[in-house]
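Structural overview
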Amino acid sequence: LLRILPTIDDPELQADYRSRVSSINIEQPPTEFKDALADALYWEEEFAKAALIREIKDSVFTPDVKDNWETMSERERKAICQEYANQISRVMGNGETLVTEVTWNKGTYAPTNGTTINIDKGFAQYNSGVNSNVDKVIDAITHETRHKYQTAAKTDPASYGTPQYVVDAWNEPYISSDSPA
């Protein structure tokens, strides 16, 4: 107050300034400010999670693992994928393990209920096909684990600090089968 006030020459503006400053309740900021702050904190946390997930990816899928992916057994590849899913799901779940099992069947998806994600079995079997690329495996696991996180955050947005507009966006249909191609 003392540093700014001397630059205000007009007595009416000085009185207005003093009145406004004295009416500020630091313990109860305006709603718009609280919403903006909560939004900023949410996105800061999301970016921090993304950075940590990149670190986990690099620690699990080391250059050695990537170089030897082709020669690893299916069991070894599955164990590495499970470890990656376990670690990133704890980050996304704020300490709770959102994915406890990676299954390997036809198709890649995250069932709405439970703590399982399914990765297409072609990702775990090396056969020089497109799905055998280790980076596609990483992307698929990260993507499906993110769906588990979104489900948890939609169910309990307060626990994740998820703003309502994000929950609303996640509840929008992603692809409409009725839309023209």
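The following refers to the structure shown.

**Looking at the overall build of the protein chain**
When helices and strands are tallied, the protein chain shows eight helices and two strands. Ordered by position from the N terminus, the helices and strands of the protein chain form the series α-α-α-α-β-β-α-α-α-α. Counting over 181 residues, the protein chain shows a buried share of 31%. Sequence-distant contacts in the protein chain: of pairs separated by 6 or more residues, those separated by 24 or more amount to 48%. Accessible surface computed for the protein chain: about 11900 Å², of which carbon and sulfur atoms make up 53%.

**A word on helix H8 (residues 164–171)**
Among all positions in H8, only Val166, Val167 and Trp170 are buried. Along the axis of H8, the buried residues cluster in a sector spanning 100°; they form a single face.

**Here's the deal with the nonpolar core**
Judged by nonpolar contacts, the single largest core of 32 residues is most densely connected at Phe61, Trp69, Tyr84, Ile141 and Tyr149. For this core, the element with the most residues is helix H6 (residues 134–155), which contributes eight residues. If we skip the residues at most four places from it in the chain, Tyr149 touches Tyr42, Glu46, Lys49, Met92, Leu98, Tyr160, Thr162 and Trp170.

How each quantity is defined
Here the residue numbering is sequential within each chain, running from 1 through the sequence in written order. Totals for whole chains, interfaces and linings use every residue, but because this is a predicted model, local features are given only for residues with pLDDT of at least 70 and side-chain atom pairs only at 80 or more, for both listing and counting. Side-chain numbers here rest on the full set of heavy atoms in the structure, without hydrogens or water. The way it works is that DSSP assigns letters per residue, a run of H or I at least four long becomes a helix, a run of E at least two long becomes a strand, and they are numbered from the N terminus. Only protein chains enter the accessibility calculation, which uses a 1.4 Å probe. A residue is then buried if its area is under 20% of the maximum for its type, exposed if over 50%, and partly exposed in between. Contact criterion: two residues are considered in contact whenever any of their non-hydrogen atoms come within 4.5 Å of each other. Accessible surface area values rest on a Shrake-Rupley calculation with a 1.4 Å probe, where residue burial reflects the displayed protein chains alone. Along the arc lie the directions from the helix axis toward the C-beta atoms. To form a nonpolar core, buried Ala, Val, Leu, Ile, Met, Phe, Trp, Tyr and Cys residues must be joined to one another through side-chain atoms within 4.5 Å.

Everything listed here is a matter of geometry and, on its own, says nothing about what the molecule does.
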